[in-house]
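Structural overview for review
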Amino acid sequence: MHAQSTFTEIYQPAFRSPYQGAQSLNPGSLGRETWDVTLYGGVRPWRGAEIWINPEVDQGFGPSNTFGVAGYPSAEAYKLGAADPYVRLQRLFLRQTLDLGGEIQGIDPDINQLGGAQTANHIVLTIGKFSSFDVFDTNKYAHDPRNDFLNWSSIDAGNFDQAGDAWGFSYGTSAEWYQNWWTIRAGAFDMPTLPGYKYLDRRFGQQVQYLLEVEERHTILGRDGKVKLSGFLSRGLFGSFGQADELAAATGTVPNVQNVLKIRNKGGGDINLEQSITSDLGLFARAGDADGSSSTTSFTDIDNTLQIGLSLAGNRWHRADDTVGLAFISNGISRHFKDYLNAGGLGVLIGDGKLPNSGREDIIETYYSYQIIKGINLSADYQFVNNPAYNRDRGPVSFLGLRLHAQI
């Protein structure tokens, strides 16, 4: 049994905004908070198996109710907000580990991980309700918004258009084969009923995303590192930006991808690096690209991305359990998506009503996590976003964050 609780406060000072759209970031100064509590219960029904259940209580809102920035500033804010706390069952899954031989490795108990031992070479099978990001595109320095970076596009590759509901979870299965210095992962997950929608398509196999990842582990000058190549192929209901624009021009209306939905394929991939530089300093980087001709599945409005950053533990100032991080992210979208937004169309998170002067959405994020006592951390976070929603006419905008995280 484990539990966690995270409270975040995000403050946004006023910024320049010559016009507003249906999904624009509010230009006034404002503060918004989110709060969640999660229970992690696990049991080992037989050798090598684990069953985990994660009920969660959520409450609160992100700035502008999670609209207005493709690289959204708080991964603790979901695609919908609620003034009153509500309960969700976020995960319920079975994981089976099959030993294949090699050195015996100890496993420390942790959230969604029972303690024990396994061989260096092994296979891990997972089935149930969980997030594809629990298995794919992970990075030890930038992947956990409750402990490190907060921005959606710094915890994962922004172009990695994961299949999931509005909370980022789905029904699916994954298989991981660990051998020597490499790992291969594959998975399949249900997609939402409609692009960006909060409900999953329960007709298993009708709308599905396939994932494949290859991981290489290495040592450079005695320091461990990993390189991962990840790819996805989604088959489901998507709306073509070009067809939406053509229909709108013919009917004198505003383009809407929901009007041109049909079964299509959409794919993309990214490269993900984590590298230890010293005993307390780590480097991370991601770069990715995806098909930008049709609507987003469920993550966010990013077709291509580049990120690089550093994570430093506080050993040098005698605060070994503190961490400071710095990341630079540059996100972009396709020409088709830009034309659609300029004609008044809406994405999953963005839509200013027009986009005559587009540019890349560039983000700088830095945070400091201070351990108050073991299991309780207080973090300060700052994010600078240039060209929010790819719009040179708006911003830049800053976000100041405060996060209190407790875990047992």
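Below: a short report on this structure. Everything quoted here is computed from the prediction, not taken from an experiment.

What counts, and where the lines are drawn
- Residues numbered from 1 in each chain as written.
- Predicted model: local features only at pLDDT ≥ 70, side-chain atom pairs only at ≥ 80, totals over all residues.
- Heavy atoms only, no water.
- Buried < 20%, exposed > 50% of the residue type's maximum accessible area, 1.4 Å probe, protein only.
- Helix = DSSP H or I, 4+ residues; strand = E, 2+ residues; numbered from the N terminus.
- Pairing = 2+ DSSP bridges.
- Patch = residues over 30% accessible without salt bridge, like charges linked within 9 Å, V, L, I, M, F, W, Y side chains within 5 Å.
- Areas by Shrake-Rupley, 256 points an atom, 1.4 Å probe, with all protein chains shown as cover.
- Salt bridge = Lys/Arg side-chain N within 4 Å of Asp/Glu carboxyl O.
- Phe/Tyr/Trp six-rings, centres within 6.5 Å; stacked < 30°, edge-to-face > 60°.
- Lys NZ or Arg CZ within 6 Å of the ring centre and 35° of its normal.

**Description of the pairing of strand β12 (residues 304-314)**
The two faces of a sheet get side chains in turn, since along a regular strand they alternate between them. Burial analysis of β12 places eight of its eleven residues in the buried class, which makes it a mostly covered element. By the bridge criterion, nine bridges tie strand β11 (residues 281-290) to β12 in an arrangement that is antiparallel. Looking at the pairing, Gly 288 lines up with Thr 305 of β12. In the sheet, β12 pairs with strand β13 (residues 319-332) via eleven bridges, with the strands oriented antiparallel. Each bridged residue has a counterpart across the sheet, and for Gln 307 the counterpart in β13 is Ile 329. Between β12 and β13, which pair antiparallel and follow one another directly, the connecting turn spans four residues, one of which, His 318, has a positive phi of 60°.

**Focus: a nonpolar patch on the surface**
A cluster of nonpolar residues, Phe 7, Tyr 370, Ile 372, Ile 373, Leu 378, Leu 402 and Leu 404, forms a patch on the protein surface that exposes about 600 Å² of accessible area. Only β14 (361-373) and β16 (397-407) provide two or more residues apiece to the nonpolar patch. The leading source of residues in the nonpolar patch is β14, at three residues.

**Examining the packing of aromatic side chains**
Applying the stated criterion across every chain, the model contains 15 aromatic pairs. A ring pair is formed by Phe 241 and Tyr 340, whose centres lie 4.9 Å apart and whose planes are at 40°; its orientation type is tilted. Within this pair, whereas Phe 241 is found in helix α2 (residues 241-251), its partner Tyr 340 is found in helix α3 (residues 335-342), the two being separated by 99 residues in sequence. For the pair Phe 337 and Tyr 340, a centre-to-centre distance of 6.4 Å together with 45° between the ring planes defines the contact as tilted. Here the residue Phe 337 and the residue Tyr 340 both occupy positions in helix α3, the gap between them amounting to three residues, near one helical turn. Accessibility expressed as a relative area gives 1% for Phe 337, which makes it buried. Site record: aromatic cluster; members linked through ring pairs are Tyr 72, Phe 133, Trp 152, Phe 160, Phe 232 and Phe 299. Positioned above the aromatic ring of Tyr 19, the side-chain terminus of Lys 354 is 4.4 Å from the ring centre.

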